[in-house]
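Commentary on secondary and tertiary structure
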Amino acid sequence: MMVPIKFSSGFTASKHDCYIIGIMHSEPLKTYLIEQLTTAKKQIRSISPEADSEYLHRFRVALRRFRSVQGAYTEHMYAPDAVAKSLIKVTNLLRETDVFLASIDADVYPNLYQAVAKYRTKQYQKIWNESLILRTESSLDKLVHDLSEMKLTMSKKRMIKTGEALYRKAEKKHRELTQDSPESAIHKVRLAYKQARYVLEFLNATGLIDAQKRIKKVKKALDHFGAIQDAANQLEWLHRFCSKHPSKECSALYDERKKALKQLKKAFKL
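Model, not experiment: these values are computed from the prediction. (Residues numbered from 1 in each chain as written. Predicted model: local features only at pLDDT ≥ 70, side-chain atom pairs only at ≥ 80, totals over all residues. Heavy atoms only, no water.)

Quick word on the overall build of the protein chain
Put simply, the rule reads: By definition, any uninterrupted DSSP run of H or I lasting at least four residues is a helix, any uninterrupted run of E lasting at least two residues is a strand, and each is numbered from the N terminus. Note on exposure labels: buried denotes an accessible area under 20% of the residue type's maximum, exposed denotes more than 50%, and partly exposed covers the range between, all computed with a 1.4 Å probe on protein chains only. Any two residues whose heavy atoms approach within 4.5 Å are treated as being in contact. Reported accessibility uses the Shrake-Rupley method at a 1.4 Å probe radius. Residues are deemed covered only where the shown protein chains occlude them. A residue counts as positive if it is Lys or Arg and as negative if it is Asp or Glu; His and the chain ends are not included. Charged side chains are reduced to one point each, which is NZ for Lys, CZ for Arg, CG for Asp and CD for Glu.
Across its full length, the protein chain carries 11 helices and 0 strands. Each helix and strand of the protein chain, placed in order from N terminus to C terminus, yields the pattern α-α-α-α-α-α-α-α-α-α-α. Projecting the C-alpha coordinates of the protein chain onto the three principal axes gives extents of approximately 65 × 45 × 30 Å. Looking at the 270 residues of the protein chain, the share that counts as buried comes to 43%. Within the protein chain, contacts between residues at least 6 apart in sequence are counted, and of these 70% link residues at least 24 apart. Counting only carbon and sulfur atoms, one obtains 53% of the accessible surface of the protein chain, whose full area is about 15600 Å². For the protein chain, the separation between the mean place of its 50 positive charges and that of its 30 negative charges on side chains is 4 Å.

What follows is the structure, encoded as structure tokens:
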């Protein structure tokens, strides 16, 4: 009798998924990668302009975890990474709009809030249509099938060593930064920390190591480096939106965000 597997994320496999995943209990890497793809797929039918934006966020995080862990241990597997990357990319605008809408004070900028909310709905209807949903589900099913056919057995020692090396690499890149470092160098440090975080979470979730302290430290670094990048991204998003939907509120918020970004950069510490 096949017993369903309950993963660290809370996901419990169906009988069919259990057949695919249950036989891989000795391959934690493969099991974890398939778990991320399955988690992403579970969000698809819940994503809509009326739904909580958390569903789209979970979809993207699961795919980012997949890319980070897969890239760390199977660099030769270009196709799965390319597919996952494309699935994330197609939802970039939706996520950016979700984040921006959540950042607007509806009491201070009521008209702008309504305009962005209306724009968000239109973008969801345009991008996240039935055709894309079906293609996304099909792509994820194929990835799961392909991975289930692969042998991804790897020693615990090697998995741990790789994860810890990524963590040290991110810290090293961080230490090499100076006040004169270009934004591109700072962005690379952020990306290094992101991969280190997801790989450490994999090692921690599978019980290979206790990485809680290092994960906490990485998250703190990501918050530090991400503040400026996120503010710059939102300012760019607002600039594009205001150019197509000009208003006094839009201009006022743009000026406010521009000043805030300037202050963030001024207060930035390496």
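Some thoughts on the packing of helix 3 (residues 54-73) against helix 9 (residues 183-205)
The condition that has to hold: Axis definition: a line fit to C-alpha positions, over the contact stretch in the case of helices; interaxial angles, taken between N-to-C directions, run 0 to 180 degrees. Convention used here: angles under 35 degrees read as roughly parallel, angles over 145 as roughly antiparallel, angles from 65 to 115 as roughly perpendicular, and any remaining angle as oblique. In this classification, Asp, Glu, Lys and Arg are treated as charged, Ala, Val, Leu, Ile, Met, Phe, Trp, Tyr, Cys and Pro as nonpolar, and every other residue, Gly included, as polar.
Remark: helix 3 packs on helix 9, axes separated minimally by 9 Å, with the N-to-C direction vectors making an angle of 90°. By the criterion of interaxial angle, the relationship of helix 3 to helix 9 is roughly perpendicular. In this structure, helix 3 uses V61, R64, R65, S68, V69, G71, A72 and Y73 to contact helix 9, whose residues at the interface are K194, Q195, Y198, V199, E201, F202 and L203. Here the residues of the contact of helix 3 with helix 9 sort into 8 nonpolar, 3 polar and 4 charged.

As for the nonpolar core
The cut-off we apply is this: To qualify as a nonpolar core, a set must consist of buried Ala, Val, Leu, Ile, Met, Phe, Trp, Tyr and Cys residues joined through side-chain atoms within 4.5 Å.
L29, F59, L63, Y73, W128, F202 and L203 are the most contacted members of the largest nonpolar core, which totals 59 residues. The element that contributes the greatest number of residues to this core is helix 9, accounting for 9 residues. When residues no more than four places from it in sequence are discounted, the contact partners of F202 are P28, L29, Y32, V69, Y73, M159 and L208. Core analysis: the second largest hydrophobic core is formed by 13 residues, F100, I104, V116 and W237 among them.

Overview of the environment of A196
Counting through the fold element by element, A196 comes out in helix 9. Look past the residues within four positions of A196 in its chain and what remains in contact with it is L166, Y167 and A170.

Some thoughts on the state of the cysteines
For clarity, the cut-off: A pair of sulfur atoms, both from cysteines and within 2.5 Å, is called a disulfide here.
Tallied over the full model, the rule gives 1 disulfide. Residue C242 pairs covalently with C250 via a disulfide, S to S 2.0 Å. Handedness of the C242-C250 disulfide follows from its S-S torsion of about -95°: it is left-handed. Residues C242 and C250 agree in their burial class; the two are buried.

Here's the deal with the packing of helix 8 (residues 156-175) against helix 9
So the rule is basically this: Note: crossing handedness is left-handed where the near helix turns anticlockwise from the far helix by less than a right angle, and right-handed where it turns clockwise.
Look at helix 8 against helix 9: their axes get within 9 Å of each other, and the N-to-C directions meet at 155°. By the criterion of interaxial angle, the relationship of helix 8 to helix 9 is roughly antiparallel. The way helix 8 lies across helix 9 gives a crossing that is left-handed. Each of M159, I160, G163, L166, Y167, A170, E171, K173 and H174 in helix 8 lies in contact with helix 9, whose residues at this interface are K188, V189, A192, Y193, Q195, A196, V199, L200, F202 and L203. Grouping the amino acids of the contact of helix 8 with helix 9 by side-chain chemistry returns 13 nonpolar, 3 polar and 3 charged.

So, the pattern of salt bridges
Definition in use: The working definition used for a salt bridge is a side-chain nitrogen of Lys or Arg within 4 Å of a carboxyl oxygen of Asp or Glu.
One pass over the full model with this rule turns up 16 salt bridges. Taking the shortest distance from any N to any O, the salt bridge between R67 and D81 comes out at 2.7 Å. With a gap of 14 residues between them, R67 in helix 3 and D81 in helix 4 (residues 78-89) connect regions that are remote in the sequence. Looking at R67, the relative accessible area reads 26%, which means it is partly exposed. Put simply, R120 and D98 hold a salt bridge, and the shortest N to O gap is 2.5 Å. Here R120 is found in helix 6 (residues 110-127), whereas its partner D98 is found in helix 5 (residues 92-103), with 22 residues between them in sequence. Comparing R120 with D98, the two get one shared label, buried.

Some points on the packing of aromatic side chains
Applied cut-off: Aromatic rings from Phe, Tyr and Trp, taking only the six-membered ring of Trp, are treated as a pair when their centres fall within 6.5 Å; an angle between ring planes under 30 degrees marks them as stacked, one over 60 as edge-to-face, and anything in between as tilted.
Inspection of the entire model under this criterion finds 9 aromatic pairs. Cluster of aromatic residues (ring-pair linked, three or more members): F100, Y119, W237 and F241.

Points about the confidence of the model for the protein chain
Rule in force here: pLDDT: the predictor's confidence for each residue, scored from 0 to 100.
For the protein chain, per-residue confidence averages 89 on the pLDDT scale, and 90% of positions sit at 70 or higher. In this model, residues 1-11 is a region of pLDDT below 50 whose contacts with residues beyond four sequence positions or in other chains number 26 contacts.

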